[in-house]
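Each chain, written out:
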Amino acid sequence: MDITIEELKERMDKGELLNLIDVREEYEFDEFNIGATLIPLGELPDRLEEIEAWKDQEILIHCRSGARSGRAKEYLTSEGYTNVRNVLGGMLAWQEAGY
């Protein structure tokens, strides 16, 4: 089950500790980010050890529009991660909502 930007914003505002991954490129992250861990999609297979501890925890993944994070979700699920959620609409929707 994926997550909406509204639900993510609400949880962030409550101060929840989230396993949040941004799979955009570094230049996109540098332009605008919401404090996620940056692991560009192309680097994800080589950086799984960084998130190994999250394998059975909820992981929220976002990108610019939701497409790359959708691919990242599929990949992590195929690698045995059990609770991966895509942020629907990505940072475009986040910014359009005025967050």
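Basis of the calculations
- Residues numbered from 1 in each chain as written.
- Predicted model: local features only at pLDDT ≥ 70, side-chain atom pairs only at ≥ 80, totals over all residues.
- Heavy atoms only, no water.
- Pairing = 2+ DSSP bridges.
- Helix = DSSP H or I, 4+ residues; strand = E, 2+ residues; numbered from the N terminus.
- Salt bridge = Lys/Arg side-chain N within 4 Å of Asp/Glu carboxyl O.

Under an unreviewed UniProt entry, the name given to the protein is Rhodanese-like domain-containing protein, and the source organism is Aquirufa avitistagni.

## Quick look at the sheet that holds strand 3 (residues 58–62)
Within the open sheet, the 4 strands sit side by side as 2-1-3-4. Their pairing is parallel. The open sheet has two edge strands with one neighbour each: strand 2 (37–38) and strand 4 (83–86). In the sheet, strand 1 (residues 20–22) pairs with strand 3 via 3 bridges, with the strands oriented parallel. Bridging across to strand 3, Ile21 finds its partner in Ile61.

## Overview of the pattern of salt bridges
In total, this model carries 12 salt bridges according to the counting rule given. For Lys14, the salt bridge is made with Glu10, and the minimal N-O distance between the two is 3.5 Å. With a closest N to O distance of 2.8 Å, Glu58 and Arg85 form a salt bridge. Taken together, the positions of Glu58 in strand 3 and Arg85 in strand 4 put the pair 27 residues apart, joining distant regions of the chain. Linked through salt bridges whose partners overlap, the residues forming this network are Glu7, Arg11, Glu16, Glu58 and Arg85.

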